[in-house]
Amino acid sequence: MKTSPTLQQSRTPTQPAASRSPAIKDERLLALAADRVVIEGVSPEIDGGRFPAKAAVGDRFAVEADIFCDGHDKIDAALLMWRADQEDWSEVRMAPLGNDRWRAETTVEANTRYRYTIVAWRDLFASWRDGATKKHAAGQDLRLELIEGRELIERTLEESDRIGEGDRLVMERLVQRLTHELDDADLLADLLGDAAAALMKRVGLRTNLSRYPKELELVVDRRAAVFSAWYEVMPRSQSGDPARHGTFDDVIARLPYVRDLGFDVLYFPPIHPIGRKNRKGRNNALTAAATDPGSPYAIGSEEGGHDAIHPELGTFDDFARLVDAAREHGLEVALDFAIQCSPDHPWIKEHPEWFDWRPDGTIKFAENPPKKYEDIVNVHFYRGALPSLWYALRDVVLFWAGKGVRIFRVDNPHTKPVPFWEWMIREVQDKYPDAIFLAEAFTRPKMMKRLAKVGFTQSYSYFTWRNTKSELTEYMTELTRTDARHVMRPNFFVNTPDINPFFLQTSGRAGFQTRLVLAASLAGNYGVYNGFELCEAEAIPGKEEYLNSEKYEIRAWDWDRPGHIRKDIHLMNRLRRNNPALQQFANLVFYNAWNDNILYYGKMTEAKDNFLLFAVNLDPHNPQGADFEVPLWEFGLPDHASIDGEDLVTGQYFTWSGKVQHVWLDPRERPYAIWRLIRPGEPY
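- An unreviewed UniProt entry annotates the protein as Alpha-1,4-glucan:maltose-1-phosphate maltosyltransferase originating from Propylenella binzhouense.
- Checking UniProt for the protein, the heading Sequence similarities (unreviewed entry) contains the comment "Belongs to the glycosyl hydrolase 13 family. GlgE subfamily."
- According to UniProt, the comment filed for the protein under the heading Subunit (unreviewed entry) is "Homodimer."

What follows is the structure, encoded as structure tokens:
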């Protein structure tokens, strides 16, 4: 067996190692030598650059990196940004943070895709100035240093392509003075001064210019991607009469109610024709009565499939009027994109190759034992379905986007191939950059994060099942302090038609208030399914499912029934609109409250001109009190200082003196407190 010769074996007196393959070695040598400044540890960089980071229009996008070089020379660095609709890269200078860590920030202003990378270089003029300044302070002769400074400026005049006319005149005057006046004290002061340093930083040569080898991607979404309040309704239950199927006109009549609660997204489960074969009855019964409407997730009948409307809801003209009316009320319509089909779906006859068939020739129903889903069948994405099914599903989304819908809640995306979502979302957003996709994936953590990486704008989360102080603190810290914050935007739904959480089943009204305040204040995006405001909690015993669920029957709701929490919802949505601190996600800080039943946290703007504190009683049955720390240190105040604040629930102003205060929260009255701290020196 032949083996490659070792380096020692290949050397002979007549063939030195350096003489072998000189062209290849020179290329490698030159490439390595040119990359003298080290750039590493770039953040954000998602999975080594495999996936884009995320931001929203108006965000300050920050990039950090470890940047350093050999020796003691000064270096400089810049963040390069390229926007999809621009020809040239823009540049933002980076600033050192200490320990060789550098940072740059820039405001992203367009709903589009960006690319970014980093360049760094040795700054010879800054190095020269640093040395000359030290020698001048030591009283040493600087004539040779001044000659070196002049030569640096002359070389810059010859080689730099970033010099404007005004800067060129200043530099030429400096060269003239340095040619004749090496002993002039004023000249020395000018040359070593801040103005000359700023000028040369702006136009100076970039020696050993090094570039990070990757161009990373950034997706910038519109603001609704990071800040939205969703209200979910079943359109067919909006007539007010369980014997009459609701219509889009009934939904239009309900718009003022949703608007007045303060929501901005009105979300519908599927509005398509519902299959008749194997239709489910009330409470998920396997046999339906003649009048049972069936599950809206059993999509497709002889009236059409995913690009059709259930006839009892109305027409496309009616839907267009609804979209327009919602917009006039400050609401945006979101639709459910659920890929499953009823056994009556037209695709089954038109494209049998998209489905799985059993050995006896019957179609394979959806299965999740012991649950039975004979009213739906699933498509498969490979074999004869690739690529035709992928195109068809993409075109469904494009169809509804063409009808004015830009927000899609996607049903169970974790049960479909991840590559499909990466491809489809990009295809849609290339045409509609304002499209938003919410992943309804209550699934394993790694799958949930992967879906966010491949393009989902928002994500359902485990918030629904995080109830204790330790659970909430740990989970929120993970979402806001780890790399997950660069890709995953959680949408904290307090309930859904599928999930009636055990906590709400037993908590009473106070539990609904608690979960509302937590969802609306902890997350930028949150949502409720109608009935939550009525504290609806009747469940199928032992299950997190609603009894008499709207998924299988038409309901009529008494929106004024006693015990509702509409005022709480209105308050939280008003506070969210009026306080910039609540329109961010990663600015969450937990503070000390010495009671495990009270979650105490704050949100603030970067300037701390909007600073909110929340204390929430997590025990829905018993009053709880706690001493807590007022974060005076955030304003540079000592522990004994006083600070003014406003109770955002009652509207009363107050003054706290000293760092430790006390709160008492009785769930029979109100299980939460919300305060705004007023920055010292500012008026109320």
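### A word on the packing of aromatic side chains
- Using the criterion set out here, one finds 44 aromatic pairs in the structure.
- Note on Phe 263 and Tyr 526: the rings are 6.2 Å apart at their centroids and 40° apart in plane angle, and the pair reads as tilted. Taken as a pair, Phe 263 in the loop between α8 (248-261) and β12 (265-268) and Tyr 526 in strand β20 (residues 525-529) lie far apart in primary sequence, 263 residues in all.
- Look at Phe 263 and you get buried, because its relative accessible area is 3%.
- For Tyr 526, a relative accessible area of 0% corresponds to the buried category.
- Ring geometry for Trp 390 and Phe 420: centres 5.4 Å apart, planes at 85°, overall edge-to-face. One end of the pair, Trp 390, is in helix α11 (residues 388-402); the other, Phe 420, is in helix α12 (residues 418-431), and 30 residues separate them in sequence.
- Using a relative accessible area of 0% as the deciding quantity, one classes Phe 420 as buried.
- Each residue in the set Phe 337, Phe 381, Tyr 382, Trp 390, Tyr 391, Phe 420, Trp 421, Trp 423 and Phe 456 is aromatic and connected to the rest through ring pairs, giving one cluster.
- The lysine or arginine in question, Arg 515, covers the ring of Phe 463, its NZ or CZ lying 4.1 Å from the ring centre.
- Across from the ring centre of Trp 557, 4.4 Å away, lies the NZ or CZ of Arg 555, which sits over that ring.

### Examining helix α6 (residues 185-192)
- Taken together, the buried positions of α6 are occupied by Leu 187, Leu 188, Leu 191 and Leu 192. Seen from one end, α6 has its buried residues packed into an arc of 120°, which puts them on one side. Every exposed residue of α6 that faces more than 90 degrees away from the buried side is listed here: Ala 185 and Asp 186.

### Considerations on the UniProt feature "active site" (unreviewed entry) in the protein
- The positions UniProt marks with the feature "active site" (unreviewed entry) are Asp 411 and Glu 440. The largest pairwise C-alpha distance within this set of annotated residues, which runs over 30 residues, is 5.4 Å, so the set is compact in three dimensions.
- The residue Asp 411 is located in strand β16 (residues 407-411) in this model.
- Setting aside anything within four residues of it in sequence, one finds Asp 411 in contact with Tyr 297, Asp 336, Phe 337, Ala 338, Gln 340, Lys 416 and Glu 440.
- Of the polar contacts made by the side chain of Asp 411, one reaches the side chain of Gln 340; its length is 3.2 Å.
- Inspection of the secondary structure assignment puts Glu 440 in strand β17 (residues 436-440).

### Considering the sheet that holds strand β18 (residues 458-459)
- Read across the open sheet, the eight strands follow the order β18-β17-β16-β13-β12-β11-β20-β19; overall the sheet is parallel. Edge positions in the open sheet fall to β18 and β19 (491-493), since each of these has one partner strand only.
- In this structure, strand β13 (residues 332-337) lies alongside β16, joined through four bridges in parallel fashion. Bridge pairing links Phe 337 to Val 410 in β16.
- Lying on the sheet, α11 is in contact with β13, β16 and β17; it crosses β13 at an angle near 165°.

### Quick word on the side chain of Ser 228
- By secondary structure assignment, the location of Ser 228 is in strand β11 (residues 228-232).
- Among the residues examined, Ser 228 registers a relative accessible area of 2% and is labelled buried.
- A polar contact is formed between the side chain of Ser 228 and the side chain of Trp 230, at a distance of 3.0 Å.
- Not counting chain neighbours up to four residues away, the residues in contact with Ser 228 comprise Asp 264, Val 265, Gln 458, Gly 524, Asn 525, Tyr 526 and Arg 576.

### A closer look at the sheet that holds strand β6 (residues 95-98)
- Spatial strand order, β1-β3-β7-β6: four strands in an open sheet with antiparallel pairing. Unpaired on one side and paired on the other, β1 (38-43) and β6 mark the two borders of the sheet. Geometrically, the sheet is characterised by an average inter-axis angle of 35° between neighbouring strands, direction not taken into account.
- Pairing geometry for β1 and strand β3 (residues 60-68), over four bridges, is antiparallel. Note on β3: the bridge partner recorded for Ser 43 is Glu 64.

### What about the nonpolar core?
- Grouped together as the largest cluster of nonpolar side chains are 139 residues, with contacts concentrated most on Ile 67 and Trp 421.
- With 22 residues, the next largest nonpolar core counts Ala 626, Val 630, Leu 665 and Leu 677 among its residues.

### Overview of the environment of Asp 161
- Within the element layout of this structure, Asp 161 appears in the loop between α4 (143-159) and α5 (165-180).
- Judged by relative accessible area, which is 69%, Asp 161 ranks as exposed.
- For the pair Asp 161 and Glu 538, spaced 377 residues apart in sequence, the C-alpha separation works out to 73 Å.

### Comments concerning the packing of α12 against helix α13 (residues 445-454)
- Closest axis-to-axis distance for the α12/α13 pair is 9 Å, and the angle between their directions is 25°. Relative to α13, α12 is oriented roughly parallel. As α12 runs across α13, the sense of the crossing is right-handed. Mapping the contact onto sequence places Val 418, Trp 421 and Glu 422 in α12 and Met 447, Arg 450, Leu 451 and Val 454 in α13.
- For the contact of α12 with α13, the class distribution of residues is five nonpolar, no polar and two charged.

### Looking at the packing of α11 against α12
- Close contact between α11 and α12 brings their axes to 10 Å; oriented N to C, the two are set at 40°. Here α11 is positioned oblique relative to α12, judged by the angle of their axes. Handedness of the α11/α12 crossing: right-handed. Where α11 approaches α12, its residues Trp 390, Tyr 391, Leu 393, Arg 394, Val 397 and Leu 398 are matched on the opposing element by Pro 419, Phe 420, Trp 423, Met 424, Glu 427, Val 428 and Lys 431.
- In the contact of α11 with α12, the residues fall into ten nonpolar, no polar and three charged.

What counts and what doesn't
Residues numbered from 1 in each chain as written. Predicted model: local features only at pLDDT ≥ 70, side-chain atom pairs only at ≥ 80, totals over all residues. Heavy atoms only, no water. UniProt positions renumbered as here; feature names shortened; annotations may be inferred. Phe/Tyr/Trp six-rings, centres within 6.5 Å; stacked < 30°, edge-to-face > 60°. Helix = DSSP H or I, 4+ residues; strand = E, 2+ residues; numbered from the N terminus. Buried < 20%, exposed > 50% of the residue type's maximum accessible area, 1.4 Å probe, protein only. Lys NZ or Arg CZ within 6 Å of the ring centre and 35° of its normal. Arc of directions from axis to C-beta. Contact = heavy atoms within 4.5 Å. Polar contact = N/O pair within 3.5 Å; in protein donor to acceptor, adjacent residues only side chain to side chain. Pairing = 2+ DSSP bridges. Axes fitted to C-alpha atoms, helices over the stretch in contact; angles between N-to-C directions. Core = buried A, V, L, I, M, F, W, Y, C linked by side-chain atoms within 4.5 Å. Parallel < 35°, antiparallel > 145°, perpendicular 65-115°, else oblique. Left-handed = near helix turned anticlockwise from the far one by under 90°. Nonpolar A, V, L, I, M, F, W, Y, C, P; charged D, E, K, R; others polar.

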